[in-house]
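What follows is the residue order along each chain.
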Amino acid sequence: MLRVHSYESMGTHDGPGLRLVVFVQGCRFNCLYCANPDTISTMGGKETSIEEIVNMAKSQKAFFGTKGGVTVSGGEPTLQAAELAKLFKALKEEGINTCLDTNGNNMNDEVRELLEYTDTVLLDIKHMDPAQHKYITGRSNENTFKFANYLKEHNIKTWLRYVLVPGLSDQEESLQSLGEYFKDYENIERLEILPYHTLGKHKYEVMNRKYMLEDVPSNTEEQLEKAFNILNPYFKYVQVN
Ligand code: SF4
């Protein structure tokens, strides 16, 4: 059984083509800008059978086309890697494309098995600088770099994702360091720059939690363009998502 928070059908922002996005429960990061703070607790969500999700995916298969499929996001999916490996294996048997959206903080035998059935990994990089990463997420970025290295060694197709938070993760040197670090990773197909937004802010009020980035504005077009221009030379393809 998987602990599922929610679903999105016909998603266009989490991997190639049209996708069924399954948001699962539980995460060990606590990002200041998390848009789904209600997915962080491992206790919430609904216990759901693998069969139920596979049937849901099969019923939407006609819409997936040649590129689309199922993405598992969160929360942090790798906390439920053993069950997810069963899900992805079943989806692959049905000819359905699989994507895993992860912060890369967990690596173990179950995650390695899950990756065997994963077509594309969407790897979220929160910050290159260890101190800034800890400030944003509450955790070190050491495991994420090891995870990225594993993906490189096993030539697993990867899209990097980077949330551009004004004043927090958009410094020129941070972006250059992101490009320099990953420029020779042949398995990285693209980098997605995710503009900072406050769409999840109301959830903090409902949860009676303080939203720490209250005063941070959305990105301006100039900031997004500047980030694109800095990062574009380093990757095969860069997209502002
Ligand atoms: S890793 Fe993702 S789900 Fe976890 S706290 Fe950060 S933004 Fe939220």
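Calculation rules
- Residues numbered from 1 in each chain as written.
- Predicted model: local features only at pLDDT ≥ 70, side-chain atom pairs only at ≥ 80, totals over all residues.
- Axes fitted to C-alpha atoms, helices over the stretch in contact; angles between N-to-C directions.
- Helix = DSSP H or I, 4+ residues; strand = E, 2+ residues; numbered from the N terminus.
- Left-handed = near helix turned anticlockwise from the far one by under 90°.
- Contact = placed C-beta atoms within 7 Å.
- Pairing = 2+ DSSP bridges.
- Right-handed = clockwise from strand over helix to strand, strands pointing away.

**Q** I keep staring at the packing of helix α6 (residues 172-182) against helix α8 (residues 221-231) and nothing clicks. Help me out?
**A** Pairs of packed helices are described in terms of their axes, by the angle between the two and the distance that separates them. Packing of α6 against α8 brings their axes to within 9 Å, and their N-to-C directions diverge by 35°. Judged by the sense of rotation from one axis to the other, the crossing of α6 with α8 is right-handed. Residue-level inspection shows E172, L175, Q176, L178 and G179 of α6 in contact with α8, the latter providing A227, I230 and L231.

**Q** Explanation requested: the pairing of strand β8 (residues 188-195) in the structure shown.
**A** A regular strand places its side chains so that they alternate between the two faces of the sheet. Two elements, strand β7 (residues 158-164) and β8, share seven bridges in a ladder whose sense is parallel. Considered in β8, the bridge of Y162 is made with I193. Taken together, β7, α6 and β8 form a β-α-β motif whose crossover is right-handed. Relative to strand β9 (residues 238-240), β8 runs parallel, the two sharing three bridges. If you follow L191 over to β9, its bridge partner there is V238.

**Q** Please clarify how unusual backbone geometry should be interpreted in this entry.
**A** Residues other than glycine predominantly adopt negative phi, and peptide bonds predominantly adopt the trans conformation. The omega torsion across G74 and G75 is 10°, close enough to zero to call that bond cis. Of note, N155 is a non-glycine position whose phi angle comes to about 50°, a positive value. With respect to the helices and strands, N155 occurs in the loop between α5 (142-153) and β7. Backbone geometry places N208, a non-glycine residue, at a positive phi of 60°. Among the structural elements, N208 can be located in the loop between α7 (201-206) and α8.

**Q** What is the right way to look at the sheet that holds strand β5 (residues 97-102) in this model?
**A** What holds strands together in a sheet is hydrogen bonding between their backbones, with the strands either parallel or antiparallel. Taking strand neighbours across the sheet as the criterion, the nine strands line up as β3-β1-β2-β4-β5-β6-β7-β8-β9 in an open arrangement whose pairing is mixed. Strands at the two margins of the open sheet, each flanked by one partner only, are β3 (46-48) and β9. Pairs of neighbouring strands in the sheet enclose a mean axial angle of 30°, with direction left out of account. Bridging between strand β6 (residues 120-124) and β7 involves four bridges; their strand directions are parallel. Across the sheet, residue V121 finds its bridge partner in β7, namely T158.

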